[in-house]
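Each chain, letter by letter, is given below.
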Amino acid sequence: MEEYDLSLRIPDIDLSRVELEWKRFRNNIPEVWKLNNDGREFQVGEAMKARGLTAHYPIVLVPGIVSTGLESWSTSPEYRAFFREKLWGGFNMVSQVIFNREKWISAMMLDPVTGLDPPGVKIRAAEGIGAASSFMTGYWLWSKIVENLAVVNYDTNNLHLAPYDWRLSMWNLEERDGYFSKLKATIEGFKERQGKKTVIAAHSMGSTVMLYFFKWVESPEHGGGGSDWVENHIESYISIAGTHLGVAKAMAAFLSGEMKDTVQMNPAGAYVLERFFSRKERQKLFCSWAGSASMWIKGGTDVWGDADWAPDDEPGSSHTHGELIAFRQAAVPLSVHNIASSVEPTKNMTADDASTWILQRTPSTFQKMIWANYSFGIERDERVLKKNALDPRKWTNPLEVQLPNAPSMRIICVYGHGKETERSYWYAHGPHEYEESFVEDEHSTCTDSTDKCNHHTPRPPLDTSSSRANWIDADYTQETTTPKVRNGVKMGEGDGTVSLLSLGAMCAEGWKRPRWNPGGIQVTTVELPHQPAPNIPRGGANTSDHVDILGSTGLNELILKVVTGAGHEVEDRFVSRIREFAQRVRWD
């Protein structure tokens, strides 16, 4: 044997940088995030099992934005090193960003025109229960719920996690991946094999995905299920921390690439984007991820308020949340930019003003994408609401479509309350500078034979050679005012990520109205107070943080009651003033 050299020869690679960045990454996440277990594993399931409850309805879990891991299927030479590696989620994401940063960016960005894979790149959602159980080792997402479901006899025969590529628009989810067709087939398969309707539990952006699915599956031009498909196949729909009316944070992400916990980003994901990318680079990524635009706030001033008022303003407020974006300093006259006189760069802006202003500061490809896929208004005419059932652009907006005609289905909105949440902003102006993101990608392609890419004239962007930089005024903090201002962010009520208005207004009031709920679906609202234990990882049993709620005892008990046939025990529970706020919304 001595004549053979059987030793393993490893190339001389300096791994010290990986080790250093990994230490920084772990240190960046507070200590309580690091431990995967806290002693509560399987306890809710065991308690339900002791009551004699067992699996009754099949269940589908729909994750939120950035929750699903994304892996590379690219075989082109420049991306072959990524093949079957996770580019989003897991430690591999960190190492790829360190050593292959430019390749990682080009792989993760979508074609700005088609919203699909760029040439030579193929990224797909990971599959299976593990696709969204944990973001990476030690940071769980759906795993606590899966553990408790398993105790009451759930497995892959009656439990399905429906991961998706959250970067894509809803239209492209079906166009590229057949996502909604597969989801429909899964639910129909459960009904055929088990003779039971399905319970759907969707978290965060997943609630928007499901709203789209309900209209898609009914549409004769799409799912073809007919107007009674939902009634015949869905037992209950549980919306967990649903982003029904949008997220103020998303607006900051598109405008300036701000990452102050932006777009429901968990600490692990936020660290990577903040540590290695500039605001401009983040903005460019967000503007290519059409799926994230589904978070755009909906309902305009009727929901979010105007210059004098907002439904969720507190008594004695020194500044209204109705001015979504406000400035403390004067800037260049609007004529310099040839901007429509109705929207001044220095004027404090409502939701409607801000939407226009933000779009003017994004590439025309992003503007076309918004127009082709989304609508953010409010529709009160029931005849138009019925017509909107045939317009996919309306399907992600609960204010512009009606719920399915499914009187036996139940909707349960469950979300947290009691954690300060970004609601509106103080912004600052900077000097004019070259803005790379305004230059259209010369390599972008349009392959739509119907000329879908060119049927909309975008709003005129600012001068493509330079634009005025804008950012959250982080120097401004005023903790003694109402609302509190912290580093340029005006704080309101919510779950730490989504404002209370978005979480609960449709559930407590909007969907109680026949205009948007013609089938009379029973809508139950369950608010879970945020009462984290300071010394327990992820807040323990009583947290209701936007992400950590997935491991809370209250949510796990609710889901298990519904799927085991004890859903009648779930009743309205309010701990906030959402009913008062919702009544102030201008529904009529």
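One structure accompanies this document, and this report is about it. (Residues numbered from 1 in each chain as written. Predicted model: local features only at pLDDT ≥ 70, side-chain atom pairs only at ≥ 80, totals over all residues. Heavy atoms only, no water.)

Here the focus is the overall build of the chain. Of the regular secondary structure elements, the chain holds 19 helices and 16 strands. Split into buried and exposed, the 588 residues of the chain put 61% on the buried side. A fraction of 77% describes how many contacts in the chain between residues 6 or more apart in sequence connect residues 24 or more apart. (Helix = DSSP H or I, 4+ residues; strand = E, 2+ residues; numbered from the N terminus. Buried < 20%, exposed > 50% of the residue type's maximum accessible area, 1.4 Å probe, protein only. Contact = heavy atoms within 4.5 Å.)

What follows is about the state of the cysteines. Following the criterion strictly, the structure yields one disulfide and no others. Between Cys-413 and Cys-507 runs a disulfide, and the two sulfur atoms are separated by 2.1 Å. Taking the sign of the torsion about the S-S bond as the criterion, the disulfide between Cys-413 and Cys-507, at about -85°, is left-handed. Here the residue Cys-413 occupies a position in strand S11 (residues 410–417), and Cys-507 occupies one in helix H17 (residues 500–508), the gap between them amounting to 94 residues. Each member of the pair, Cys-413 as well as Cys-507, is classed as buried. (Disulfide = S-S within 2.5 Å.)

Each pair of packed helices can be summarised by the angle the axes make with each other and by the distance between the axes. Closest axis-to-axis distance for the helix H6 (residues 170–177)/helix H8 (residues 205–218) pair is 10 Å, and the angle between their directions is 70°. It follows from the interaxial angle that H6 and H8 lie roughly perpendicular. Between H6 and H8 lies a crossing whose hand is right-handed. In this structure, H6 uses Met-170, Trp-171 and Glu-174 to contact H8, whose residues at the interface are Met-205, Thr-208, Val-209, Tyr-212 and Trp-216. Residues belonging to the contact of H6 with H8 are distributed by class as follows: six nonpolar, one polar and one charged. (Axes fitted to C-alpha atoms, helices over the stretch in contact; angles between N-to-C directions. Parallel < 35°, antiparallel > 145°, perpendicular 65-115°, else oblique. Left-handed = near helix turned anticlockwise from the far one by under 90°. Nonpolar A, V, L, I, M, F, W, Y, C, P; charged D, E, K, R; others polar.)

This part is about the side chain of Ser-292. By the element assignment, Ser-292 lies in the loop between helix H12 (279–288) and helix H13 (300–304). Residue classification places Ser-292 among the buried residues on the basis of a relative accessible area of 4%. Apart from the residues lying within four places of it in its own chain, the contact partners of Ser-292 are Ile-65, Trp-166, Phe-254 and Phe-286.

Turning to the pattern of salt bridges, a few remarks are in order. Where charged atoms from two side chains of opposite charge approach closely, those side chains can pair. By the definition in use, this model includes 31 salt bridges. For the salt bridge of Arg-423 with Asp-312, the shortest nitrogen-to-oxygen distance reads 2.8 Å. Highlighted residues: Arg-423 in strand S12 (residues 421–433) and Asp-312 in the loop between H13 and strand S10 (325–327), separated in sequence by 111 residues. A salt bridge links Asp-391 to Arg-393, with the nearest nitrogen and oxygen atoms 3.1 Å apart. (Salt bridge = Lys/Arg side-chain N within 4 Å of Asp/Glu carboxyl O.)

So, on to the pairing of S11. Counting buried residues in S11 gives eight out of eight residues, a clear majority hidden from the surface. Of the strand pairs in this sheet, strand S9 (residues 234–240) and S11 are connected by five bridges, and their pairing is parallel. By the bridge assignment, Ser-239 is partnered in S11 with Cys-413. Direction of pairing for S11 relative to strand S16 (residues 522–529): parallel, over a ladder of eight bridges. Each bridged residue has a counterpart across the sheet, and for Gly-416 the counterpart in S16 is Leu-528. (Pairing = 2+ DSSP bridges.)

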